[in-house]
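Coordinate inspection notes
The lines below spell out each chain.
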Amino acid sequence: MSGVSNEAPRTLLYGVGLGPGDPDYMTVRARDIILKADRLVHFCKRGRRGNARITADAIIAPDPAREIELAFPVTIEVPVEDEGYSGPIAAFYDEAAERLAGEMAAGRSIAVLCDGDPFFYGSFMHLWRRLAHRFPTEVVPGVTGMAGAWARADAPISWGDDVMTVVPGTLAEGELTRRLADTDAAVIMKLGRNLPKVRRALQAAGLINRAIYVERATMAGQVVTRLAEKADDEAPYFSMILVPGEGRRL
């Protein structure tokens with residue numbers, strides 16, 4: 001008999017989607033991995049715990065021996081198109097990947113805790129690009145923030161043959177307007193300082209009266225309101241705008 005094993009290598013890197021914030025929306029697979037992984041990794045702003053780690057508190061208490069905190073060097077205080085953002089952030093991902101690689105080289109499994117789904121506008125993707133070809137990897141899908149938002153807003157997003165477009169608010173105003181005018185339904189992410197521009201684009205596309213603003217969907221402090229009724233232009237990180245479609249109803 002050959003001494004070569006036919007068993008698949010043990011997974012060492014997990015990207016774990018925890019859903020939109022309410023821990024009840026975590027999958028069974030996500031819970032299993034969080035409980036068994038050797039290291040729990042989360043992204044955060046300096047001086048704060050990450051939201052994904054807070055979500056995981058519902059099933060596992062903080063354990064300094066297992067925790068790896070990855071604190072971003074910059075966040076929303078620097079525009080993403082600025083060199084002062086891209087340079088430090090790229091170096092941060094390089095350093096974080098090598099730190100995790102050291103853990104996995106020693107045989108320890110890593111669970112990177114992710115808001116929503118790991119492959120949807122997620123920071124985990126930058127680690128995945130650097131590490132997945134080097135270590136056995138599994139991505140655990142999660143309920144996206146937008147799914148949590150339209151459920152809590154009681155707003156079916158697409159009907160019949162509606163085409164839905166997901167648009168980052170960081171696009172130029174003209175491009176935002178064009179894409180919104182060319183779709184049946186939309187979800188606008190990455191609001192923050194972009195909200196005034198997004199509001200103007202929705203107005204120009206004739207969609208302002210269908211737009212629903214949702215903040216911290218499924219979390220404590222949730223806000224759901226018509227954008228036309230929102231008096232200010234404040235929009236935290238966990239916020240988005242829904243434009244439900246008006247397609248075929250039977």
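All residue numbers refer to positions counted from 1 along the written sequence of the respective chain. In keeping with the model being predicted, local features are shown solely for residues with a pLDDT of at least 70 and side-chain atom pairs are shown and tallied solely at 80 or more, while totals for entire chains, interfaces and linings include all residues. The basis for every side-chain value is the complete set of heavy atoms in the structure, and neither hydrogens nor water enter the calculation.

**Thoughts on the packing of aromatic side chains**
Note on aromatic contacts: the rings of Phe and Tyr and the six-membered ring of Trp form a pair at centre separations within 6.5 Å, being stacked when their planes are under 30 degrees apart, edge-to-face when over 60 apart, and tilted otherwise. In this structure the tally under the stated criterion is 9 aromatic pairs. Their ring planes at 10° and their centres at 5.3 Å tell us that F43 and F72 sit as a pair that is stacked. Residue F43 is found in strand 2 (residues 39-45), and its partner F72 is found in strand 3 (residues 67-72); the two are separated by 29 residues along the sequence. Take F43 and F72: they sit in the same class, and that class is buried. Ring centres of F119 and W128 lie 5.3 Å apart, and the angle between their planes is 75°; this geometry places the pair in the edge-to-face category. In this structure W128 comes out as partly exposed when scored by relative accessible area, which is 36%. Among the aromatic residues, those joined into a cluster by ring pairs are F43, F72, F92 and Y93. Criterion for a charge above a ring: Arg CZ or Lys NZ at most 6 Å from the ring centre, at most 35 degrees from the ring normal. Above the face of the Y213 ring, K230 is positioned so that its terminal group lies 4.4 Å from the ring centre. The lysine or arginine in question, R249, covers the ring of W159, its NZ or CZ lying 4.0 Å from the ring centre. Helical segments are the DSSP runs of H or I of at least four residues, strand segments are the runs of E of at least two, and each set is numbered from the N terminus. Relative accessibility thresholds used throughout: buried, under 20% of the residue-type maximum; exposed, over 50%; partly exposed, between the two (1.4 Å probe, protein chains only).

**Examining the sheet that holds strand 8 (residues 212-215)**
In space, the 5 strands of this open sheet follow the order 6-7-10-8-9, with mixed pairing throughout. Taken across any chain shown, the strands that pair with only one partner, and hence form the sheet edges, are strand 6 (164-168) and strand 9 (223-226). Neighbouring strand axes in the sheet, compared pairwise and without regard to direction, differ in orientation by 20° on average. Examined bridge by bridge, strand 6 and strand 7 (residues 185-189) share 5 bridges and lie parallel to one another. Bridging from a neighbouring strand, V167 pairs with I188 of strand 7. The criterion for strand pairing is that DSSP finds at least two bridges linking the strands in question. Axis angles are defined between N-to-C directions and span 0 to 180 degrees, where every axis is a line fitted to C-alpha atoms and, for a helix, only to the segment in contact.

**Examining the nonpolar core**
Think of a nonpolar core as a cluster: buried Ala, Val, Leu, Ile, Met, Phe, Trp, Tyr and Cys residues, connected wherever their side-chain atoms sit within 4.5 Å. In this structure, F43, L70, L100, M104, V112, L127 and L131 are the most contacted members of the largest nonpolar core, which totals 23 residues. When contributions to this core are tallied by element, the ones reaching two or more residues are strand 2, strand 3, helix 3 (83-105), strand 4 (110-114) and helix 4 (124-131). Ranked by residues supplied to this core, first place goes to helix 3 with 8 residues. Contact between two residues is taken to exist if any of their heavy atoms lie within 4.5 Å; hydrogens are not considered. Sequence-distant contacts of F43, that is, excluding residues within four places in its chain, are made with G50, L70, F72, F92, Y93, V112, S123, F124 and L127. Residues L180, A201, L207 and I208 belong to the second largest nonpolar core, which totals 18 residues.

**Comments concerning the environment of R53**
Along the chain, R53 turns up in helix 2 (residues 51-56). For R53, a relative accessible area of 1% translates into the label buried. The spatial distance from the C-alpha of R53 to the C-alpha of E69 is 9.5 Å, given a sequence separation of 16 residues. Excluding residues that lie within four positions of it along the chain, R53 makes contacts with L40, H42, I60, A61, P62, E67 and L113.

**Quick look at the pattern of salt bridges**
Salt bridge, as applied in this entry: a Lys or Arg side-chain nitrogen positioned within 4 Å of an Asp or Glu carboxyl oxygen. All told, the structure shown has 18 salt bridges when counted by the stated rule. Residue E138 is joined to R29 by a salt bridge in which the shortest nitrogen-to-oxygen separation is 2.7 Å. With E138 in strand 5 (residues 137-140) and R29 in helix 1 (residues 28-36), the pair connects residues that are 109 residues apart, well separated along the chain. On the basis of relative accessibility, which here comes to 34%, the residue R29 falls in the partly exposed class. For R179, the salt bridge is made with E175, and the minimal N-O distance between the two is 2.8 Å. Residue R179 and its partner E175 are located together in helix 6 (residues 173-181), separated by 4 residues, close to a single helical turn. Under the relative-accessibility criterion, R179 is labelled partly exposed at 37%. In this structure E175 comes out as partly exposed when scored by relative accessible area, which is 27%. In the salt-bridge network here, residues are joined through shared partners; they are R49, R53, D57 and E67.

None of this, on its own, says anything about what the molecule does.
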